[in-house]
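These are the residues of each chain, in order.
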Amino acid sequence: RRPLSPVSYTHLDVYKRQGHTMSTPIAERELLNAQPRHRWTVAEYHRMAEVGLLHEDSRVELIDGEIIEMAPIGSFHGGNVNRFIRLFSKVVGDKAIIAAQNPVVLSGYAEPQPDLAILRWRGDDYEQSSPHPEDVLLLVEVSDSTLRYDRDVKIPLYASHGIPEVWLLDIQNRQLEIYREPINGVYQQRDCRRAGQIAPVLCPDAVIDLAELFPNL
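Every value quoted in this text rests on a predicted model; they were computed, and no experiment measured them. (Residues numbered from 1 in each chain as written. Predicted model: local features only at pLDDT ≥ 70, side-chain atom pairs only at ≥ 80, totals over all residues. Heavy atoms only, no water.)

### What about the overall build of the chain?
Across its full length, the chain holds 6 helices and 10 strands. Counting all 217 residues of the chain, 37% fall into the buried class. Residue pairs at least 24 apart in sequence account for 51% of intrachain contacts in the chain once pairs closer than 6 positions are excluded. Roughly 13,000 Å² of accessible area belongs to the chain as shown, and the carbon and sulfur atoms make up 50% of that amount. (Helix = DSSP H or I, 4+ residues; strand = E, 2+ residues; numbered from the N terminus. Buried < 20%, exposed > 50% of the residue type's maximum accessible area, 1.4 Å probe, protein only. Contact = heavy atoms within 4.5 Å. Areas by Shrake-Rupley, 256 points an atom, 1.4 Å probe, with all protein chains shown as cover.)

### Considerations on helix H3 (residues 42–50)
Those residues of H3 that fall on the buried side of the exposure criterion are Val42, Tyr45 and Met48. Looking straight down H3, one finds its buried side chains confined to an arc of 115°; they lie on one side. Among the exposed residues of H3, those pointing more than 90 degrees away from its buried face are Ala43 and Glu50. Next to the buried residues of H3 lie strand S1 (60–63) and strand S2 (66–69). Looking one or two places after H3, you find Gly52, whose phi comes out positive at around 95°. (Arc of directions from axis to C-beta.)

### Focus on the sheet that holds strand S5 (residues 136–143)
Within the open sheet, the 6 strands sit side by side as S3-S4-S5-S6-S7-S8. Their pairing is mixed. Across the chains shown, the open sheet's two edge strands, defined by having one partner strand only, are strand S3 (96–100) and strand S8 (186–193). In this sheet, neighbouring strand axes are inclined to one another by 15° on average, regardless of whether the strands run parallel or antiparallel. As paired strands, S5 and strand S6 (residues 165–170) are joined by 5 bridges and run parallel to one another. (Pairing = 2+ DSSP bridges. Axes fitted to C-alpha atoms, helices over the stretch in contact; angles between N-to-C directions.)

### Details of the environment of Gly74
Here Gly74 is to be found in the loop between S2 and helix H4 (75–92). Under the relative-accessibility criterion, Gly74 is labelled partly exposed at 37%. As a C-alpha pair, Gly74 and Asp144 span 70 residues in sequence and 9.9 Å in three-dimensional space.

### Here's the deal with unusual backbone geometry
The phi dihedral of Gln101 is positive, around 55°, even though this residue is not glycine. For Gln101, the location among the structural elements is in the loop between S3 and strand S4 (116–120). Unusually for a residue other than glycine, Tyr126 sits at a positive phi of about 65°. Along the chain, Tyr126 falls in the loop between S4 and S5.

### What about the environment of Leu176?
Following the sequence through the fold, Leu176 ends up in strand S7 (residues 175–183). In sequence terms Leu176 and Cys192 are 16 residues apart; their C-alpha atoms lie 5.6 Å from each other.

### Regarding the side chain of Asp150
With respect to the element layout, Asp150 can be found in helix H5 (residues 147–160). Buried charged residue Asp150 carries no salt bridge. Nearest counter-charge: Lys154, at 4.8 Å. Here Asp150 is in contact with Glu141, Val142, Ser143, Ile155 and Leu168, once residues within four sequence places are set aside. (Lys, Arg positive; Asp, Glu negative; His and termini not counted. Salt bridge = Lys/Arg side-chain N within 4 Å of Asp/Glu carboxyl O.)

### Points about the pattern of salt bridges
Overall, the coordinates contain 12 salt bridges when judged by the stated rule. Put simply, Glu212 and Lys90 hold a salt bridge, and the shortest N to O gap is 3.2 Å. You can see Glu212 sitting in helix H6 (residues 210–213) and its partner Lys90 sitting in helix H4, a full 122 residues away along the chain. One salt bridge connects Arg122 with Asp124, and the closest N-O pair in it is separated by 2.8 Å. Residue classification places Arg122 among the partly exposed residues on the basis of a relative accessible area of 22%. Bridged by salt links that share partners, the residues Glu61, Glu141 and Lys154 form one connected network.

### Observations regarding the side chain of Asp170
On the secondary structure map, Asp170 appears in strand S6. Judged by its relative accessible area of 1%, Asp170 is buried. A polar side-chain atom of Asp170 sits 3.4 Å from the main-chain amide nitrogen of Gln172. When sequence neighbours within four positions are dropped, the list of residues in contact with Asp170 reads Ser143, Leu147, Arg151, Gln175 and Glu177. (Polar contact = N/O pair within 3.5 Å; in protein donor to acceptor, adjacent residues only side chain to side chain.)

Structure representation (structure tokens):
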């Protein structure tokens, strides 16, 4: 008889040979997801871009050590981001910096790209280094197809890193969700508005009229 060729067993193979059954592909995927994974650091993430593994126009962000592919930006999403930029530009002036879809370094393992950030004034416009949590006055996420991800993943991420205030624009329901006062990784104040005026707590002069945010409501 010919000798058997060497076989490389995966965690799934070992699991099955121990007498366990995997009835569906979903069960196999759940087991695979339970295996330890390497958490990429911000430094490693940037190195990938430097060596060409990630391109400058790649739609990705680093969330808790995982590289997450971001949804493409459609005209409806982009238009709502542009509207925020226009409205804030009229009231912020030189008191703060408005950054659109630029990275914010939250920790050694997290560098998300919020749709909009209102940042403390800095003379170099954050050219020398990206903003960190202490630089953030307000983050804004514009959500259509990404509503569940933004609400269940990114909002808790921002709270756990002490971002003082986050606005979540729910495009489908035409409402603005406001999250404030992060304590122990949870926002203590939550509100939802469709009308009236609102301003970030740390930038009180930047008043936004929701009638302009929802012009066709």
